[in-house]
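# Topology and contacts: notes
Single-letter residue listing:
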Amino acid sequence: MNNNSQLSTLNSPLVLVTGGTGYIGSHTVVELQQSGYEVVIVDNLSNSNIEVLDGITRITGIKPQFEQVDCCDYQKLADVFNKHKGIKAVIHFAASKAVGESVEKPLLYYRNNLQSLINLLEIMIANNAPNLVFSSSCTVYGQPDVLPVTEDAPVKPAMSPYGNTKQIDEEIIRDTAYSGAPLKSILLRYFNPIGAHPSAEIGELPIGVPQNLVPFITQTAIGLRKELSVFGKDYNTPDGSCIRDYINVVDLAKAHVIAIERLLENRAADKVETFNIGTGRGLSVLELVNIFQQATGATLPYRITGRREGDIEQVWANPHKANNVLGWTAKETIEDTLRSAWRWEQKIRRQ
Ligand code: NAD
Ligand code: WQD
């Protein structure tokens, strides 16, 4: 926490982090604790495991409070607020996030991602906890007409049930906040989070074959996968492969701390604010593959294959609003970020 902050007069504000043992959630818990916040994690462990708590504790020296609860279970979630008095702010990460799975199991995604948010909002309002930071995604922009994309770019028809849940969740939050209910929210639209904590104590733990690029790269370089398939080299981009904005997960985590502080200090300019959280730099798949090999010295077998259905050709953030209004900027280099992902991969395979 900023020493000059009005919050320094408060005693360790208590923040509820749903999905706090997950990839982005665990890194955010670390940053919250290191900024002086007390944290309660709610997670049903559907896509993470309990040992993450030990990793967090090894980094910060503080074991976060943990409740194994499904946010879709209204009563159990309400009980968390009854048990941990004084929760004033929530960061809501808990959601199902696999795009392909959402196409196969849309109802699972609609139930998990909508019902958990609706429960949470009702319970927050009933418990006088009016501050919400919500995990949204650049997926709401689809293929933007103008790049880099700003927050006022139109939301495009969703390409998957997962993407649709993020759009609907944003609308649910706006409708609730503007209904006059005691709710303020900051929606953070993440671009492509990658990397791991520099300590290699926590990182991404994909279950099964990774769908995302960087875990597939590190698993291939370590020998778990034969080769990386680069999905398409015939896009309208300089080298023909898709372009994304890869954001370091610790930088991303820090944006949440700033957002929480802004809400708790009543500095938000509106009941709902939206920010792009990206670097502002687009990198192609082939560029990323080359940087990974140069930065780590690892060899990465890869082959160009056909396009992956549903992929956006190119998207990267205009992060100026986050830079200027939040005072947040992505700091880590892509080389350090890829090295952190590689160290994490090496560590988990040694265990
Ligand atoms: P993750 O799967 O690692 O973390 C989500 C956590 O939520 C997991 O620990 C899971 O067990 C938990 N969870 C899921 N449903 C739950 C429920 N009903 N009740 C309690 N816990 C539940 O995912 P992540 O990558 O850390 O993503 C966090 C958030 O950020 C998600 O909302 C995701 O949609 C969003 N997001 C992720 C990315 C990305 O590329 N990783 C990009 C944009 C947005
Ligand atoms: C990145 C690039 C692939 C794997 C997804 C979700 C999005 C958001 C972030 C949550 C693409 C290419 C990948 C591989 C490859 N999540 N690729 N070979 O698709 O940008 O976004 O995660 O909100 O909603 O859709 O991320 O990491 O899957 O792919 O060539 O084996 O890498 O084609 O260009 P994506 P990704």
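Going by the structure above, here's the rest.
### So, the site of ligand 1
Residues in close proximity to ligand 1 total 27 residues, the closest being Asp43, Asn47, Ser48, Asn112 and Tyr162. In the model, a nitrogen atom of ligand 1 is placed 3.1 Å from a nitrogen or oxygen of the asparagine 44 main chain. Protein contacts shield 95% of the accessible area of ligand 1, which totals 820 Å² for the unbound molecule. Within the residue set of the shell around ligand 1, elements represented by two or more residues are helix H1 (23-34), strand S5 (131-137) and helix H6 (161-178).

### Concerning the site of ligand 2
Close to ligand 2 lie 18 residues; Ser137, Tyr162, Ser229, Arg244 and Asp311 are nearest. Between ligand 2 and tyrosine 162 there is a distance of 2.6 Å, counted from an oxygen atom to a side-chain nitrogen or oxygen. Note that an oxygen atom of ligand 2 is positioned 2.4 Å from one of the side-chain N or O atoms of arginine 244. Relative to its free-state accessible area of 690 Å², ligand 2 is covered by the protein chains to the extent of 87%. Counting residues per element, the shell around ligand 2 draws most heavily on strand S8 (residues 228-231), at four residues. Each residue belonging to the shell around ligand 2 can be placed in one class, and the counts come to nine nonpolar, six polar and three charged.

### A few points about the packing of aromatic side chains
Counted according to the given criterion, the structure contains two aromatic pairs. Considering the side-chain rings of phenylalanine 292 and tryptophan 342, the 5.8 Å spacing of their centres and the 85° angle between planes classify their relative orientation as edge-to-face. Of the two residues, phenylalanine 292 is situated in helix H9 (residues 285-296) and tryptophan 342 in helix H11 (residues 334-350); the sequence distance between them amounts to 50 residues. An identical accessibility class is assigned to phenylalanine 292 and tryptophan 342; each is buried. One Lys or Arg, arginine 307, reaches over the ring of tyrosine 235 and ends 3.9 Å from the middle of that ring. One residue, lysine 321, lies across the ring of phenylalanine 275, its end atom 4.8 Å from the ring centre.

### Some details on unusual backbone geometry
Leaving glycine aside, a negative phi is the common case for residues, and trans is the common case for peptide bonds. In this structure, the amide linkage connecting leucine 147 to the following residue, proline 148, adopts the cis form with an omega of -5°. In the Ramachandran plot, leucine 45 falls in the positive-phi region, its phi being about 60° despite a non-glycine side chain. Take leucine 45: it is sitting in the loop between strand S2 (38-43) and helix H2 (52-60). The backbone of alanine 200 sits at a positive phi, close to 60°, despite the residue not being glycine. Residue placement: alanine 200 occurs in the loop between strand S7 (192-194) and helix H7 (213-221). Residue class for alanine 200 comes out buried when judged on its relative accessible area of 7%.

### Let's talk about the state of the cysteines
Covalent bonding between the sulfur atoms of two cysteines defines a disulfide. For the coordinates displayed, the defined rule picks out zero disulfides. Just so you know, cysteine 72 is unpaired, no disulfide at all, and the nearest cysteine sulfur is the one on cysteine 71, 7.0 Å from it. By relative accessible area, cysteine 72 is classed as buried at 16%. Not engaged in a disulfide, the cysteine cysteine 242 finds its nearest cysteine sulfur in cysteine 138; these two sulfurs lie 12 Å apart. Assessed through its relative accessible area of 5%, cysteine 242 is described here as buried.

### Focus on the pairing of S5
A large share of S5 lies buried, amounting to seven of its seven residues. Where burial is concerned, the two faces of S5 agree: the one with Asn131, Val133, Ser135 and Ser137 and the one with Leu132, Phe134 and Ser136 are both buried. Alignment of strand S4 (residues 87-92) against S5, held across four bridges, turns out to be parallel. Among the inter-strand pairings, histidine 92 is bridged to a residue of S5, identified as phenylalanine 134. Looking at chain direction, S5 and strand S6 (residues 184-190) are connected through seven bridges and run parallel. Among the inter-strand pairings, valine 133 is bridged to a residue of S6, identified as isoleucine 186. For the segment spanning S5, H6 and S6, crossover handedness is right-handed.

The rules we used
- Residues numbered from 1 in each chain as written.
- Chains lettered and ligands numbered in written order.
- Predicted model: local features only at pLDDT ≥ 70, side-chain atom pairs only at ≥ 80, totals over all residues.
- Heavy atoms only, no water.
- Near = heavy atom within 4 Å.
- Polar contact = N/O pair within 3.5 Å; in protein donor to acceptor, adjacent residues only side chain to side chain.
- Areas by Shrake-Rupley, 256 points an atom, 1.4 Å probe, with all protein chains shown as cover.
- Helix = DSSP H or I, 4+ residues; strand = E, 2+ residues; numbered from the N terminus.
- Nonpolar A, V, L, I, M, F, W, Y, C, P; charged D, E, K, R; others polar.
- Phe/Tyr/Trp six-rings, centres within 6.5 Å; stacked < 30°, edge-to-face > 60°.
- Buried < 20%, exposed > 50% of the residue type's maximum accessible area, 1.4 Å probe, protein only.
- Lys NZ or Arg CZ within 6 Å of the ring centre and 35° of its normal.
- Disulfide = S-S within 2.5 Å.
- Pairing = 2+ DSSP bridges.
- Right-handed = clockwise from strand over helix to strand, strands pointing away.

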